[in-house]
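So the chains spell out like this:
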Amino acid sequence: MIRGVIEGTGSCLPEYQLTNDQLEKLVDTSDEWITARTGIASRRIAGPGEETSKIAAEAARRAMAMAGVTAEEIATIIVGTMTSETTMPSCACLVQKEIGAVNAFAFDISAACTAFIYGLELADNMVKAYPDRKILVIGAENLSARVNWQDRNTCVLFGDGAGAAVVGGDDTGRGVLATRLFSDGRLGDLLYMNAAPSMNPHINNPYEKTDPAEAEDFDPARLGFPRTDNGSYIKMSGREVFKNAVLAMEDSIDKVLEDAGLSGPEIDWILPHQANIRILHNLGERIGVPKEKIFINIHKYGNTSAATVPIAFDEANRQGLLKKGDLILTCAFGGGFTWGAEIIRW
Ligand code: ACO
C-alpha cells in the first residue's frame, strides 16, 4: 500500500527573541506566571525580510535539501497559515515564486493550529493517487502581526515561525498509518480573529515594520504592530479553549490509535501542537505516554499556530531522535475549532 512518507523536514525561525522579562514591561504579567501557566520562556518576532512567505520558503528550501528534491520536482505546495502577508496571491503561490517551483500548483489552507496536519492528510491522499509526486506541506505564521500587544491574555502566548516537510509515496510500510480530522464551527466564538486585509493602512502592514532588533525596547506601537482599536487581532477565551482542547485531542487520539490498531504506550514519540505545556502533560497522562516521549519546544518559540507541528518534526528529526520505524503521533487543536491526530511510521 502506498503511503505518504516525510522525506525531508525544515524550519525557519525569525532572529529576534522576545523574552518574558521584556513582556513584563509591556503588560501586567510576570515571567513566573507565563512560565508556570504555559511553559513559554521566549518567542520569536519577525522583522523586515521575515514575512510569512519568506520564512515559509526558507523552511521549504531546508526540507527539500534534506529530501534531495529540487524545486522543479515539487508537484504541489500546501501552506497552512492564517497570517500571510497577502490574501491574494496565496502564501503558497508566494512560496512557489520564492523557491522557483515552476511545475507545482500551490494553495493555502486555513485551519489554524491544525492546518499542518490537515495538509499532511491531503498530501498522503495525493501521493496515494500519484506515488511519484513530491509535495511540500508547510505551516507558517507571523502571529506577532495579529496579536493585541495590550492584552496580556493573548500577547504572551504567540510567536512567529515556519516549518516544512517534503512528502512522497512509499510502499514499504512507512508513512501515514491513520488520520482523524475534525472541526466544529459552533464553538468558533471562543477563539477567533476577524479578517484584516494586510495592506489596509489602518492595520498592521508587515512590510513597514521596523526591525525589532534595532529597537532599544520592544515597543509594539512604534514598531508598527497592530493598532488595538481595529478588532482584527486574536481573541481567546483561554480557560474554555483549554478544556475543549484537552478533551477533543484525547478523543481524536483514542480514535486514531484504534484505527491504527495501536495503544498509547506503543507510541515512540508524540510531536504535538505546542499551545500549553500543561495541555501536553495532561494529554500524556490520559493516553499513557510518559513525559519523556512528548517533544516540547514551546519554551523557545511559544505558540506559532500552524507552524508548531512541522517545527517540532524538524527539530526532533535534526536532533536524531526519530529512528526509522518509530511510531510517531501528532495532534493539534486550534481556532474554528479544528483538531485532529495522525500516526506516522517514521
Ligand atoms: N499574566 C498574568 N496574569 C494573567 C495573564 C498574564 N499574561 N493572562 C491572564 N492572567 C490572569 C487572568 O486575568 C486571571 O485572573 P483572575 O483570576 O483575576 O480573573 C488569571 O490569570 C487566570 O486566568 P485563566 O485564563 O484562568 O488562566 P489559565 O490557567 O487558564 O491560563 C491560558 C490561560 C494560558 C491562556 C490557558 O487557558 C490556555 O493555554 N488555553 C488554551 C490555549 C490553546 O490551546 N489555544 C488553542 C490554539 S491557539 C490558535 O488556534 C491560534
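This text goes with the structure placed above it.
Residues numbered from 1 in each chain as written. Predicted model: local features only at pLDDT ≥ 70, side-chain atom pairs only at ≥ 80, totals over all residues. Heavy atoms only, no water.

Caption draft 1: Fine view of unusual backbone geometry. The omega angle of the peptide bond from Met 88 to Pro 89 is 0°, so this bond is cis rather than trans. By secondary structure assignment, the location of Pro 89 is in the loop between β4 (74-80) and α4 (91-99). Look at the link from Gly 336 to Phe 337: it is a cis peptide, with omega at -15°. In this structure, Phe 337 sits in the loop between β12 (327-334) and β13 (338-345). Phi angles above zero are rare outside glycine, and Ala 112 is one such case at about 50°. Here Ala 112 lies in the loop between β5 (105-109) and α5 (115-129). Residue Ser 305 is not a glycine yet carries a positive backbone phi of 50°. (Helix = DSSP H or I, 4+ residues; strand = E, 2+ residues; numbered from the N terminus.)

Caption draft 2: Just the packing of aromatic side chains, in detail. Per the stated rule, a full pass over the model turns up six aromatic pairs. Ring centres of Phe 105 and Phe 107 lie 6.2 Å apart, and the angle between their planes is 10°; on these two criteria the pair is classed as stacked. For Phe 105, a relative accessible area of 42% translates into the label partly exposed. Plain terms: the ring middles of Phe 182 and Trp 339 are 5.6 Å apart, the flat faces sit at 15° to each other, and that makes the pair stacked. Taken as a pair, Phe 182 in strand β8 (residues 175-183) and Trp 339 in strand β13 lie far apart in primary sequence, 157 residues in all. Assessed through its relative accessible area of 21%, Phe 182 is described here as partly exposed. For Trp 339, a relative accessible area of 13% puts it in the buried group. Here the aromatic residues Phe 182, Phe 333, Phe 337 and Trp 339 are joined through ring pairs into a cluster of three or more. (Phe/Tyr/Trp six-rings, centres within 6.5 Å; stacked < 30°, edge-to-face > 60°. Buried < 20%, exposed > 50% of the residue type's maximum accessible area, 1.4 Å probe, protein only.)

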